Amino acid sequence: MRMKKIILLSGICAFGLLLFVASCQPKDGTAKQVATTADSVKFEKAFGDFSVKAVYPNDTTSALTKAVNEYLSEAMGGSYEGSYAQSMPILKYYLNAAEKKDSAEYAELMKENPNDERGWKYEYMAEIEKAADAPQYLTYLYTCYEYTGGAHGSTLVTGQTFRKSDGRRIGWDVFANTNDDAFQQLMKEGLKKYFNVKTDEELKGMLMNENDIYLLPLPQCPPLFTVKGVRFVYGQYEITPYAAGTPDFTIPYAKLGNNMMVTAKRLIK
């Protein structure tokens, strides 16, 4: 009889432990970090160098993975018509497209001027990295450098935050009153830190359009949710000359509370 009681109590304790562990797990599964794979592809041709480095989700069925891959396809050109289940076929597609395009252009040049070789090599380098992986959101950063001749190449820096539960892309529409004085002041402070200047007058001198000092536009890049806060990323020539690069800065969530809608606030809980 005593042995039966011990077995019964052990079973009850084990069952209770299972219930406790289960209760600690998030019902929507969002707390787990997204498992990823790092991979790269590179072509070195006589007329150009082509490469892509990526960290992409291992999962091939979730709405989040498909949302990430759809975004990557659009960021790289938007012409891929295949499945969004896997990242690498998409990345190879655009790398091959860039190589094919420049190969055709180079062949045409050699046909017209066989003794006048192009004095430069085409460059295409894309990099996709996971910038943040929090319980409720996943943020990707996409960088692409392209050189097509001339004094310098061009660099695209952008990114996207996704809600893990359904893959929704997070945009500036989850922020309110971005034209008010308090929000604008936060943006000015971020840009001043990037340029290492102190006054509005100094910042004005860094902008292509001096009138932007009175109402700074939001970046074309969506808000990037990170561990430290919302990252703002401006592209080349977006608000500053080429020499300024791609200005970016991060504003802590605590300072953005009055401007974040419930959708945004829920991402950081």
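See above for the structure.
What counts, and where the lines are drawn
- Here the residue numbering is sequential within each chain, running from 1 through the sequence in written order.
- Reporting in this predicted model follows two pLDDT cut-offs: at least 70 for local features of residues, and 80 or more for side-chain atom pairs to be given and counted; totals over whole chains, interfaces and linings ignore these cut-offs and use all residues.
- Side-chain numbers here rest on the full set of heavy atoms in the structure, without hydrogens or water.
- We call two strands paired when DSSP finds no fewer than two bridges between them.
- Secondary structure is summarised from DSSP: a helix means a run of H or I of at least four residues, a strand means a run of E of at least two, and numbering begins at the N terminus for each.
- Whether two residues touch is decided by their heavy atoms; if any such pair falls within 4.5 Å, the residues are in contact.
- A fitted line through C-alpha atoms serves as each axis, taken over the contacting stretch for helices, and the angle formed by two N-to-C directions is quoted from 0 to 180°.
- Whether a residue is buried, partly exposed or exposed follows from its accessible area with a 1.4 Å probe, protein chains only, as a fraction of its type maximum: under 20%, in between, or over 50%, in that order.
- The definitions used throughout rest on a 1 Å grid laid over the protein atoms alone, on which a cavity is an enclosed set of points accommodating a 1.4 Å probe that cannot get out and a pocket is an open set flanked by protein within 12 Å on both sides along at least five of seven lines; lining residues are those having an atom within 4 Å of a point.
- Grid points are joined across faces, edges and corners, and a volume is the space filled by probe spheres set on the points.
- As a working rule, the residues Ala, Val, Leu, Ile, Met, Phe, Trp, Tyr, Cys and Pro are called nonpolar, Asp, Glu, Lys and Arg charged, and the rest polar, with Gly in that last group.
- As used in this structure description, the phrase polar contact means that two N or O atoms lie within 3.5 Å; if the pair is within protein, one of them must be able to donate a hydrogen and the other to accept it, and residues adjacent in sequence are counted only when both atoms belong to side chains.
- Throughout, nonpolar core names a set of buried Ala, Val, Leu, Ile, Met, Phe, Trp, Tyr and Cys residues whose side chains join them through atoms within 4.5 Å.

A. Layout of the sheet that holds strand β1 (residues 36–44). Strand order in the open sheet formed by six strands is β1-β2-β3-β4-β5-β6, with mixed pairing between adjacent strands. In this open sheet, the two strands that pair with only one neighbour each are β1 and β6 (169–170). Strand direction decides the pairing type here: strand β4 (residues 137–147) and strand β5 (residues 154–163), joined by ten bridges, are antiparallel. Bridging across to β5, T143 finds its partner in V157. Packing against the sheet, helix α2 (residues 63–75) makes contact with β2 (48–57), β3 (122–133), β4, β5 and β6, and its axis sits at approximately 160 degrees to β5. Relative to the sheet, helix α3 (residues 88–112) contacts β1, β2 and β3, its axis offset from that of β2 by approximately 170 degrees.

B. Local environment of the pairing of β2. In terms of burial, β2 is a largely internal element, seven of the ten residues being buried. With nine bridges connecting them, β1 and β2 associate as antiparallel partners. Note that in β2 the partner of E44 across the bridge is D49. Linking β1 to β2, which pair antiparallel, is a turn of three residues. Strand direction decides the pairing type here: β2 and β3, joined by seven bridges, are parallel. Opposite V52, over in β3, you have A126 as the bridge partner.

C. Seen up close, the layout of surface pockets. A volume near 180 Å³ is recorded for the second largest pocket. The wall of the second largest pocket is formed by A75, M76, G77, Y94, A97, A98, Y124, Y142, C144, E146, S154 and L156. For the lining of the second largest pocket, the elements supplying multiple residues, two or more each, are α3, β4 and β5. Tallied by class, the residues present in the lining of the second largest pocket amount to nine nonpolar, two polar and one charged.

D. Quick peek at the environment of K121. Its place among the elements puts K121 in the loop between α3 and β3. Expressed as a C-alpha distance, the spacing of K121 and Y106, which sit 15 residues apart in the sequence, is 9.9 Å. A polar atom in the side chain of K121 sits 3.2 Å from the backbone oxygen of K45. Here the side chain of K121 touches D49 through a polar contact of 3.2 Å, side chain to side chain.

E. Here's a closer look at the sheet that holds strand β9 (residues 248–251). A sheet is described by the order of its strands in space; here three strands give the open sequence β7-β8-β9, paired in antiparallel fashion. The sheet is open, and its two borders are formed by β7 (224–225) and β9, each paired with just one other strand. Of the strand pairs in this sheet, strand β8 (residues 230–233) and β9 are connected by four bridges, and their pairing is antiparallel. Paired with F232 across the strands is F249, a residue of β9. Packing of helix α4 (residues 181–195) onto the sheet brings it into contact with β8 and β9, and relative to β9 it is tilted by some 130 degrees.

F. Geometry of the nonpolar core. One finds Y124, I128 and Y142 to be the most contacted residues of the largest nonpolar core, which totals 31 residues. If you list the elements that add at least two residues to this core, you get β2, α2, α3, β3 and β4. Sort the elements by how many residues they give to this core and α3 lands first, with eight residues. Excluding residues that lie within four positions of it along the chain, I128 makes contacts with V52, K53, A54, V55, L72, L91, Y140, L141 and Y142. Judged by nonpolar contacts, the second largest core, of 30 residues, contains F175, L203, F232 and Y253.

G. Molecular detail of the side chain of T161. Inspection of the secondary structure puts T161 in strand β5. Its relative accessible area of 0% is what places T161 among the buried residues. At 2.9 Å, the side chain of T161 forms a polar contact with the backbone nitrogen of F225. Beyond its immediate sequence surroundings of up to four residues, T161 is in contact with Y137, L138, T139, R168, R169, I170, P223, L224 and F225.

None of this, on its own, says anything about what the molecule does.
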